[in-house]
Amino acid sequence: QVQLVESGGGLVQAGGSLRLSCAASGRTFIDISMGWFRQAPGKEREFVVGISRGGGSTVYADSVKGRFTISRDNVKNTVYLQMNGLKPEDTAVYYCAVGPPLRLGVLQSPNEYLYWGQGTQVTVSS
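Basis of the calculations
- Residues numbered from 1 in each chain as written.
- Predicted model: local features only at pLDDT ≥ 70, side-chain atom pairs only at ≥ 80, totals over all residues.
- Heavy atoms only, no water.
- Phe/Tyr/Trp six-rings, centres within 6.5 Å; stacked < 30°, edge-to-face > 60°.
- Helix = DSSP H or I, 4+ residues; strand = E, 2+ residues; numbered from the N terminus.
- Buried < 20%, exposed > 50% of the residue type's maximum accessible area, 1.4 Å probe, protein only.
- Pairing = 2+ DSSP bridges.
- Disulfide = S-S within 2.5 Å.

**Student:** Can you break down the packing of aromatic side chains residue by residue, with the values?
**Tutor:** Taken as a whole and assessed by the stated rule, the structure comprises 4 aromatic pairs. Seen from their ring centres, Phe 37 and Phe 47 are 5.6 Å apart, and the 75° between their planes marks the pair as edge-to-face. With Phe 37 in strand β4 (residues 32-39) and Phe 47 in strand β5 (residues 46-51), this residue pair connects regions lying 10 residues apart in the sequence. For Phe 37, a relative accessible area of 0% puts it in the buried group. Grouped by ring-pair contacts, the aromatic residues Phe 37, Phe 47, Tyr 113 and Trp 116 constitute a single cluster.

And the structure:
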């Protein structure tokens, strides 16, 4: 079992920045891939970015490339999402997720992830 706790969401003006954190507990952090998803009202959950087990590989959704950066600290068992140049269309609940242990590569489908955090609201005003 893995527990995930997200933090860092909030209200920000367009063009601003936020950093989301996701602290994991319950198993070895270094051998699991992780990802961030988001869900806006009335829309399906969408992939934002994923990072491989060791952190050497990342995949970003086209909508956030060049603005968002994922990183992980395997000592602190935490993954971060630095969001710069925020736009109103980035408004959503953001979720972090954990993949199966020892799975290689970056996972992009929500169906590939095993555990989810409770979500943190990000609201970008125009």
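**Student:** Tell me about the pairing of strand β1 (residues 3-7), and please be specific about residues and values.
**Tutor:** Side chains of β1 alternate between two faces, with Leu 4 and Glu 6 buried and Gln 3, Val 5 and Ser 7 left unburied. Pairing analysis gives 5 bridges linking β1 to strand β3 (residues 18-25), with the strands arranged antiparallel. If you follow Val 5 over to β3, its bridge partner there is Ala 23.

**Student:** Give me the pairing of strand β8 (residues 78-83): which residues, what numbers.
**Tutor:** Taken across its 6 residues, β8 has 5 buried, putting it largely inside the fold. Pairing between β3 and β8: 6 bridges, direction antiparallel. Its bridge partner lying in β8, Ser 21 is registered against Tyr 80. As paired elements, strand β7 (residues 68-73) and β8 share 6 bridges and run antiparallel to each other. Across the sheet, Thr 69 pairs through a bridge with Gln 82, a residue of β8.

**Student:** Got a sec to walk through unusual backbone geometry? Specific residues and values, please.
**Tutor:** Despite not being glycine, Asn 77 shows a phi value in the positive range, around 55°. Of note, Leu 102 is a non-glycine position whose phi angle comes to about 70°, a positive value. Within the element layout of this structure, Leu 102 appears in the loop between β9 (92-101) and β10 (115-116). Among the residues examined, Leu 102 registers a relative accessible area of 54% and is labelled exposed.

**Student:** Provide a residue-level description of the state of the cysteines, including the pertinent values.
**Tutor:** By definition, a disulfide links the sulfur atoms of two cysteines through a covalent bond. Following the criterion strictly, the structure yields 1 disulfide and no others. Two residues, Cys 22 and Cys 96, share a disulfide whose sulfurs are 2.0 Å apart. Residues Cys 22 and Cys 96 are joined through a disulfide that is right-handed, its torsion about the S-S bond being 55°. Taken together, the residues span a long stretch of sequence, with Cys 22 in strand β3 and Cys 96 in strand β9 at a distance of 74 residues.

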